[in-house]
Every structure is written in C-alpha cells, then in structure tokens.
Amino acid sequence: MVNYGTVGILMISMLVASCSTCREVPGFFVQGRMTAAVNKDGEFIHRPKSAVTRSITLTKPGEVFRVSEGEVLDLNIPVAIDLGRYSLSVVPSVTAVTAGAPMFDIAIERNCVPRILVNRSCQKINWYNPYVLPEVVVENKRDQQLIYTPLYNPDMAMIGYEIRLGDHEECGSNAYKEWRRITKKGTVRSSLRSSTKQDPLKIQEVFGPELE
C-alpha cells in the first residue's frame, strides 16, 4: 500500500532542493510539430486524423495559449527548446469556459522560476519535464494531499508529472491509473535519450507515436 503522505513529503523535498539550486540536468532538446488536443485532465492526446482548428507555435517563455478541452491543435516547436532548462505546462484556467468546455493555458516555463498556485480541490496541472518540478503554492480551505504522479508516453518513458490537489479516489486521475498499471505489471520503462540543439528529439519521440 502506498503511503501518500510519505510520497508527498519526499516529492516536496525534491522540489525544494531542485528549485533552490537550479541544478544542471541532462540536455533534453525538443523540436517539431504534431496534431494534438488537451483532454479533461489537461494531458496532451494525439489526434492525427482530426481536422486542425488552430495552430500554436511555442518559441519562448512567457507565451501563453488558452485552449479548450478537445480543441484540435497543430502544436509546433520550430526551434529546438531545451526541456531540461524549460518546461511545457498545461494549467487549467479558472476564468474562461467555451461552450461548457474547460479551458487550459499552455505555456513554456523557466525551470526554478515559476510559482504555480493550486487553490481548489482536484485541481490538476500537467508539467512536462521529467527532471525538475516547479514551486507549488497551496491556498485551499480543505486539508488535502498534494500529489505528484509520473506522466508517461506510449513508449513508457517518463515525460513529466501530474501535480494534483486531492486523492485520486475523490478527483479521478488518468495519470494515476496509468502509473498503477505500469508499476503493477512491472513494465520495463524506457528512457528518453539525451539530445542536443543540433540533434533534438522530435516532439513525437517525447509524446510517443501519434495515435487516434
């Protein structure tokens, strides 16, 4: 049985250590484009056979793109970005809803700089960086666990974390279900190869083969 209190303390210790030192991590340059959407949990899913309704080009920190759940995107990283130094985040928006669909903010964040606020039960943030976690500020009236669950691509390589306020039994979590499936079966997980700006990973290598 997993002791989530212990896991939370451990992960918070890692968080403080990583964000206070801004330690060096392996090169993790990514470039390319793919057809994708964001699901209700804020995770990227692949939609290669769907008609694209919008293009998003990610080039530098500070850019934020607001998208709705299920909106089919042409996600483009034209110049290699080091996702060891930076992170790709998907954060739920609390200010906008389109035709009843939840909205999410997609952004490139500088590692060790962002302070992510979680202030409501079952809030989920997907942080696409397997090496460094952001500083998390909790402002919630309820006493709930802050849980970090690994995110994997279809090749079983860890590509980041779901940051969730609240237990999966109350909130639901695709990331938790996938983590349980992988760990229960003892599935051998692969590692993303380190890469350079001259030889970056394709975005499909990070998120896995494009599947409908």
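Residues numbered from 1 in each chain as written. Predicted model: local features only at pLDDT ≥ 70, side-chain atom pairs only at ≥ 80, totals over all residues. Heavy atoms only, no water.

Engineer: Quick rundown of the pairing of strand β9 (residues 124–128)? Include the residues and the values.
Structural biologist: Taken across its 5 residues, β9 has 5 buried, putting it largely inside the fold. Neither face of β9 is open: one carries Lys 124, Asn 126 and Tyr 128, the other Ile 125 and Trp 127, and all of them are buried. In the sheet, β9 pairs with strand β12 (residues 158–165) via 4 bridges, with the strands oriented antiparallel. Bridging across to β12, Ile 125 finds its partner in Ile 163. (Buried < 20%, exposed > 50% of the residue type's maximum accessible area, 1.4 Å probe, protein only. Helix = DSSP H or I, 4+ residues; strand = E, 2+ residues; numbered from the N terminus. Pairing = 2+ DSSP bridges.)

Engineer: Account for the confidence of the model for the protein chain, naming residues and giving values.
Structural biologist: Per-chain confidence: the protein chain averages 79 in pLDDT, with 81% of residues scoring 70 or above. Counted against residues more than four places away or in other chains, residues 1–21, with its pLDDT under 50, gives 26 contacts. (pLDDT = per-residue confidence, 0-100. Contact = heavy atoms within 4.5 Å.)

Engineer: Now, about the environment of Met 34: what can you tell me, with residues and values included?
Structural biologist: Along the polypeptide, Met 34 turns up in strand β1 (residues 29–38). In the structure, Met 34 is positioned 14 residues away from Pro 48 in sequence and 7.6 Å away in space, judged by C-alpha atoms.

Engineer: Help me get a handle on the packing of aromatic side chains, residues and values and all.
Structural biologist: Each aromatic ring pair is characterised by the separation of its centres together with the angle its planes make. Taken as a whole, this structure holds 3 aromatic pairs when the rule is applied. Taking 5.8 Å as the distance between ring centres and 90° as the angle between the ring planes, the aromatic pair formed by Phe 28 and Tyr 131 counts as edge-to-face. Here Phe 28 is found in the loop between α1 (4–21) and β1, whereas its partner Tyr 131 is found in the loop between β9 and β10 (135–138), with 103 residues between them in sequence. By relative accessible area, which is 1% here, Phe 28 ends up buried. (Phe/Tyr/Trp six-rings, centres within 6.5 Å; stacked < 30°, edge-to-face > 60°.)

Engineer: Break down the pattern of salt bridges for me, citing the residues and quoting the values.
Structural biologist: In the structure shown here, the tally under the stated rule is 7 salt bridges. Where Arg 164 meets Glu 162, a salt bridge forms, and the shortest distance between an N and an O atom there is 2.5 Å. With a relative accessible area of 0%, Arg 164 lands in the buried category. Under the relative-accessibility criterion, Glu 162 is labelled buried at 0%. Through salt bridges that share partners, Lys 40, Asp 41 and Lys 124 make up one connected network. (Salt bridge = Lys/Arg side-chain N within 4 Å of Asp/Glu carboxyl O.)

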